[in-house]
Amino acid sequence: MIWRVVAVVGFVAMSIVGAAATAATSASPRLVVVVRGLERPVLATQAPGEPGRLYVVEQGGLVKVFEGGRLRSRPFLDLRGRVSTGNEQGLLGLAFGPGYTGRKRVYVNYTDVAGDTIIAEYQVKSGAALPGSARRLLRIQQPYANHNGGNITLGPDGKLWVGMGDGGSGGDPENRAQNMGTLLGKLFRLDPTRPSPRPAVVALGLRNPWRYTFDRTNGDLWIGDVGQGNIEEIDVLRAGTKGLVNFGWDVLEGSTSFEDKPLGTGKLIGPVAQYSHDDGCSVTGGYVYRGRAVPSLRGRYVYGDYCSGTVWSLPAGGGKPRVEPFTVAGLSSSGESLTGELYAVSHEGTIYRVVR
């Protein structure tokens, strides 16, 4: 996933900044608590047609529902016993399928008890996923217990987009990210309406794209790719890009040379932003903000670092990042409401909403 054990130890004792930086003005973004007491949450999201419900993914295998000011006692989905529970393993991603208000299907990305990645579909009835309805779309063998990727999202094209890490260890020792013979280190699409969907690779050269999201306005795909020892990077796949693209790992780490070897196939796309490990150690990708509640963030991509808790934003059309006036310890993920408002997810158990 995105965290490193050394960094976690250092931040477990930190208190999460709940209201915002003390110097924030009334117009600055700040955080308000939505729900506490969760177990290693890694995602917050909403389903189409359900503005009053927030779905929360816990790494241990539960998907919970926050509704009416409280967590429902009945989970939406319970995969405990089916998922591995290592440091970077578990239930890592969830997406609601195309046409969800009519065809109720939900898709999950998790590592099974053998540590391999599973992409599976569940039917939904009466407010919960049906345990016996599981349909496996894909299984990807994982050679190591880290760099599993974990995200899954529905694209503007109605396909499921899956980003895989390079398979783990350190420095991509078997050179998987640049090898088109494996799905590891790749970004690919799946058509969930097909009985046996085949992955269509869009990009290679990824190390661990833990969180990536589509800009709801123009369809650009923003990717937070976790770095090796020096550089964390933000990549963008612009809507309408044709042909296979290559984000560079492990020939490059960010825009810096990492390994002296030829680049593989595909058009090289460099990062739009990066930062060194002086400012953190594990990037958590976010969203381009298209909501109304926080004018100072409109049209800016908001992202952060799991280890330092720093949150940045940068103009979606190009420009320099700025540091936002709040931090989130253990920033494992973010979320977007149906109206484009943002949530911040702390791995320590709290979900916040970004407000003005």
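Residues numbered from 1 in each chain as written. Predicted model: local features only at pLDDT ≥ 70, side-chain atom pairs only at ≥ 80, totals over all residues. Heavy atoms only, no water.

Enquirer: Help me out: how do you make sense of the overall build of the chain in this one?
Expert: The number of helices and strands found in the chain is one helix and 30 strands. Over its C-alpha trace the chain gives a radius of gyration of 19 Å, about what one expects of a compact globule, namely 21 Å for 356 residues. Over its C-alpha atoms, taken along the principal directions, the chain stretches across nearly 55 × 50 × 40 Å. Burial analysis of the chain (356 residues in total) assigns 57% to the buried set. (Helix = DSSP H or I, 4+ residues; strand = E, 2+ residues; numbered from the N terminus. Rg over C-alpha atoms; globule rule 2.2 N^0.38 Å. Buried < 20%, exposed > 50% of the residue type's maximum accessible area, 1.4 Å probe, protein only.)

Enquirer: What is the right way to look at empty space enclosed by the protein in this model?
Expert: One simple way to see leftover space: roll a probe sized like a water molecule over the atoms. One pass over the structure, following the stated rule, counts two cavities of 30 Å³ or more. A volume near 130 Å³ is recorded for the largest cavity. Taken together, 17 residues make up the lining of the largest cavity; nearest its centre are V302, L331, S334, Y343 and A344. Looking at the lining of the largest cavity residue by residue, the classes come out as 10 nonpolar, seven polar and no charged. Computed from the structure, the second largest cavity encloses a volume of approximately 40 Å³. Forming the boundary of the second largest cavity are R207, D225, V226, G227, Q228, I231, E233, W249, L252 and E253. (1 Å grid on protein atoms, 1.4 Å probe; cavity = no way out; pocket = protein on both sides within 12 Å on 5 of 7 lines; lining within 4 Å. Points joined across faces, edges and corners; volume = space filled by probe spheres on them. Nonpolar A, V, L, I, M, F, W, Y, C, P; charged D, E, K, R; others polar.)

Enquirer: Can you help me understand the packing of aromatic side chains in this one?
Expert: The description of two aromatic rings rests on the distance between their centres and on the angle between their planes. Taken as a whole and assessed by the stated rule, the structure comprises 10 aromatic pairs. With a centroid separation of 5.0 Å and 65 degrees between ring planes, the pair formed by Y55 and F96 is classed as edge-to-face. With Y55 in strand β3 (residues 53-58) and F96 in strand β7 (residues 91-96), this pair connects stretches of sequence that are 41 residues apart. Neither residue differs from the other here; Y55 and F96 are each classed as buried. Ring pairing ties together the aromatic residues W222, Y275, Y301, Y303 and W312, which thus form one cluster. Between R207 and the ring centre of W249, over which it is positioned, the NZ or CZ distance is 5.7 Å. It is R211 that lies over the ring of W210; its NZ or CZ is 3.8 Å from the centre. (Phe/Tyr/Trp six-rings, centres within 6.5 Å; stacked < 30°, edge-to-face > 60°. Lys NZ or Arg CZ within 6 Å of the ring centre and 35° of its normal.)

Enquirer: Is there a simple way to think about the sheet that holds strand β13 (residues 160-163) in this case?
Expert: Adjacent strands of a sheet pair through backbone hydrogen bonds, lying either parallel or antiparallel. Here we have six strands laid out as an open sheet, ordered β12-β13-β14-β15-β19-β22, and mixed in their pairing. Strand pairing shows two members of the sheet lacking a second neighbour, β12 (152-154) and β22 (267-268), which therefore form its edges. Where β13 lies against strand β14 (residues 187-190), four bridges are found, and the strand directions are antiparallel. By the bridge assignment, V162 is partnered in β14 with F188. (Pairing = 2+ DSSP bridges.)

Enquirer: What exactly am I supposed to notice about unusual backbone geometry here?
Expert: Note: most peptide bonds trans; most residues except glycine with negative phi. At the junction of W249 and D250, the peptide bond is cis and its omega measures out at 5 degrees in the coordinates. Within the secondary structure layout, D250 lies in the loop between β19 (245-246) and β20 (252-253). Of note in this structure, H147 is not a glycine but carries a positive phi near 60 degrees. Within the element layout of this structure, H147 appears in the loop between β11 (135-140) and β12. Taking the relative accessible area as the measure of exposure, H147 reaches 4% and is therefore buried.

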